[in-house]
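Okay, here's what each chain looks like letter by letter:
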Amino acid sequence: MISVIFTLDYEIYGNGQGSLEELALEPTRRLAEIFKEFAVPLVVFAEAIELAKIKETQSDPAISAIEQQLRSLRAAGHEIALHLHPWWANAHYEKGTWHLDWTERNLCALPAARIEEVVAGAVSYLRCALADPLYTPHSYRGGLWLMQPTQNMARVLSRHGIRVDSSVFKGGRTRALGLDYRPALRNGSDWRFSSDVNVPDNGGPLWEIPIYTEMVPFWRMLGRKRLRIQRKMPEAANGAPLPRRWLDFLRFRYPQKLDFCRMTLPELARMVDLVRQEDRRTPEVFKPVVSIGHSKDLVDFDTITTFLDWLRKRSISVITLGALTRDHFPLFRATPPHPETDGASRAAPAMASS
Ligand SMILES: [Zn+2]
């Protein structure tokens with residue numbers, strides 16, 4: 001059995017440039033309309049630190065509309081999840097420009113007390129933005145996909161009631177950050193972990209439900225649509241959080257993420273078809289397929305509509321990470337439920353399958 005989970009990183013450019021209206025608010029409004037048509041849910045990974053900073057400084061007039069949008073999305077049954085760009089935590093705003101702190105680029109590598117401070121601040125911001133003091137995020141994704149080193153980060157997240165991480169993309173490698181998800185290629189479609197996100201540990205406090213990837217020849221990463229979207233954002237390249245290292249691309253096979261904003265319909269369908277073939281061999285194994293998108297990359301809404309239609313015609317359900325863990329993981333049900341997590345899961349609309 002296969003379910004697809006659409007996750008949306010909800011944020012402006014990593015270097016602090018760009019407007020909330022253009023990069024988050026308006027594209028997400030159009031996306032939510034499409035998901036409403038199909039009666040399926042999204043997981044919105046809201047980058048809470050930049051939103052908190054923008055609110056504090058009132059540097060972008062759309063911040064109240066953003067908070068309103070998050071409340072409406074949640075009320076409509078979408079999952080609001082936690083996403084963090086920690087380089088914003090010490091940011092300051094001067095003469096119209098954000099100065100970000102790149103020394104805090106990898107939250108997982110900071111002292112446990114600092115991780116706690118940043119996570120607590122972000123959760124508290126989301127509670128305020130959602131006007132719900134009991135809100136607890138069910139799922140987490142690190143900025144730059146970082147969940148290494150794992151131990152302190154996993155402890156802090158689970159202490160805050162978070163149950164699922166979706167930072168890993170199997171086969172990933174970013175030397176400048178010490179990120180190495182190549183060992184995870186040996187793992188199944190999901191696993192529990194504790195001190196090392198690459199290593200399954202049935203007693204671990206968190207579940208990893210990775211972003212779906214396929215190892216492809218490097219030239220397939222040069223698709224025309226992908227390059228067009230990258231070119232559309234020249235300003236994002238200035239002071240980007242991650243300087244591109246050519247060594248990371250010098251691999252014959254490269255993990256291509258199932259990206260519903262950057263891929264074409266044939267590319268998306270081909271990747272899901274691979275999982276369907278595997279499912280015919282092992283139908284008894286549940287296979288969550290996490291797709292990723294970014295609000296700032298949302299330009300091709302037609303492809304998203306046709307992809308949702310393609311899934312519906314094949315009776316492939318679309319669910320949230322909250323609903324997935326509740327309905328498909330017996331071990332998850334056996335662990336003490338968190339009141340808010342259960343509430344959030346129940347709010348998710350039923351899967352749409354024809
Ligand atoms: Zn992000």
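Rules used throughout
Residues numbered from 1 in each chain as written. Predicted model: local features only at pLDDT ≥ 70, side-chain atom pairs only at ≥ 80, totals over all residues. Heavy atoms only, no water. Patch = residues over 30% accessible without salt bridge, like charges linked within 9 Å, V, L, I, M, F, W, Y side chains within 5 Å. Areas by Shrake-Rupley, 256 points an atom, 1.4 Å probe, with all protein chains shown as cover. Salt bridge = Lys/Arg side-chain N within 4 Å of Asp/Glu carboxyl O. Helix = DSSP H or I, 4+ residues; strand = E, 2+ residues; numbered from the N terminus. Core = buried A, V, L, I, M, F, W, Y, C linked by side-chain atoms within 4.5 Å. Buried < 20%, exposed > 50% of the residue type's maximum accessible area, 1.4 Å probe, protein only. Phe/Tyr/Trp six-rings, centres within 6.5 Å; stacked < 30°, edge-to-face > 60°. Lys NZ or Arg CZ within 6 Å of the ring centre and 35° of its normal. Donors = N, O, S within 2.8 Å, 3.2 Å for Na, K, Ca; no water. Axes fitted to C-alpha atoms, helices over the stretch in contact; angles between N-to-C directions. Left-handed = near helix turned anticlockwise from the far one by under 90°. Contact = heavy atoms within 4.5 Å. Nonpolar A, V, L, I, M, F, W, Y, C, P; charged D, E, K, R; others polar. Lys, Arg positive; Asp, Glu negative; His and termini not counted. Polar contact = N/O pair within 3.5 Å; in protein donor to acceptor, adjacent residues only side chain to side chain. pLDDT = per-residue confidence, 0-100. Pairing = 2+ DSSP bridges.

Q: Looking at this structure, how should I read a nonpolar patch on the surface?
A: Together, F218, W219, L222 and F252 make up an exposed nonpolar region whose accessible area comes to about 480 Å². Relative to the elements of secondary structure, F218 occurs in the loop between β12 (213–217) and α6 (224–231).

Q: How should I be thinking about the nonpolar core in this particular structure?
A: Among the nonpolar cores identified, the biggest contains 106 residues, and F6, L82 and V119 are the most heavily contacted of them. When residues in this core are grouped by element, the largest group, 9 residues, is from helix α1 (residues 20–38).

Q: Where do I start with the packing of aromatic side chains in this structure?
A: For any pair of aromatic rings, the description consists of the separation of the ring centres together with the inter-plane angle of the planes. Counted by the stated rule, this structure contains 9 aromatic pairs. Measuring from centroid to centroid gives 4.8 Å for Y93 and W98, while their planes differ by 40°, and the two rings are tilted. When its relative accessible area of 33% is taken as the criterion, Y93 is described as partly exposed. Its relative accessible area of 11% is what places W98 among the buried residues. What links up through ring pairs into an aromatic cluster is the set F6, F35, F260, F307 and W310. The positively charged end of K257 is found above the aromatic ring belonging to W145, 3.8 Å away from the centroid.

Q: Explanation requested: the coordination of the zinc ion in the structure shown.
A: For a metal bound by four donors in tetrahedral geometry, the ideal donor-metal-donor angle is 109.5 degrees, whereas six donors in octahedral geometry ideally sit at 90 or 180 degrees. Around the zinc ion, the donor atoms from the protein are E11 (OE), H83 (NE2) and H85 (NE2), and they sit 2.1 Å away. Counting gaps between the donor residues of the zinc ion yields the pattern E-x71-H-x1-H. On the criterion of sequence distance, the pair formed by E11 in the loop between β1 (2–10) and α1 and H83 in strand β3 (residues 79–84) is long-range, its members being 72 residues apart. Across this residue pair, the class does not change: E11 and H83 are buried.

Q: Any chance you could explain the packing of helix α4 (residues 112–129) against helix α5 (residues 151–159) here in plain terms?
A: Axis angle and axis distance: for two packed helices, these are the angle between their axes and the distance between the axes, and together they describe the pair. Following both chains from N to C, one finds α4 and α5 inclined at 40°, their axes separated by 10 Å at the closest point. Helix-helix and strand crossings are classified by hand; for α4 and α5 the assignment is right-handed. Of the residues in α5, those in contact with A112, I115, E116 and V119 of α4 are N152, M153, V156, L157 and R159. Here the residues of the contact of α4 with α5 are counted per class, giving 6 nonpolar, 1 polar and 2 charged.

Q: What is the right way to read the side chain of D259 from this model?
A: Along the chain, the position of D259 falls in the loop between β13 (253–257) and α8 (265–281). Look at D259: it is buried, it has no salt bridge, and the nearest opposite charge is R262 at 4.3 Å. Of the polar contacts made by the side chain of D259, one reaches the backbone nitrogen of C261; its length is 2.8 Å. If we skip the residues at most four places from it in the chain, D259 touches L268, S291, I292 and G293.

Q: What should I look at first to understand helix α2 (residues 48–57) in this one?
A: Residues lying three or four places apart along an α-helix face the same way, a consequence of the helix completing one turn every 3.6 residues. When α2 is considered as a whole, its buried residues turn out to be A48, I49, E50, L51, K53 and I54. The N-terminus of α2 is capped by E47, whose side-chain oxygen sits 2.8 Å from the backbone nitrogen of I49.

Q: Any chance you could explain the confidence of the model for the protein here in plain terms?
A: Detailed reading of predicted coordinates is not advised where the pLDDT is low. Overall, the predicted model of the protein reaches an average pLDDT of 89, with 86% of residues at or above 70. Confidence drops under pLDDT 50 across residues 337–354; counting only partners more than four residues distant or on other chains, this segment forms 38 contacts.

Q: I'm lost on the pairing of strand β14 (residues 287–294) in this one. Help?
A: Along a regular strand, successive side chains alternate from one face of the sheet to the other. Across the 8 residues that make up β14, a large majority, 8, are buried. The side-chain alternation of β14 yields two buried faces, one formed by K287, V289, S291 and G293 and the other by P288, V290, I292 and H294. In the sheet, β1 pairs with β14 via 8 bridges, with the strands oriented parallel. Note on β14: the bridge partner recorded for F6 is S291.

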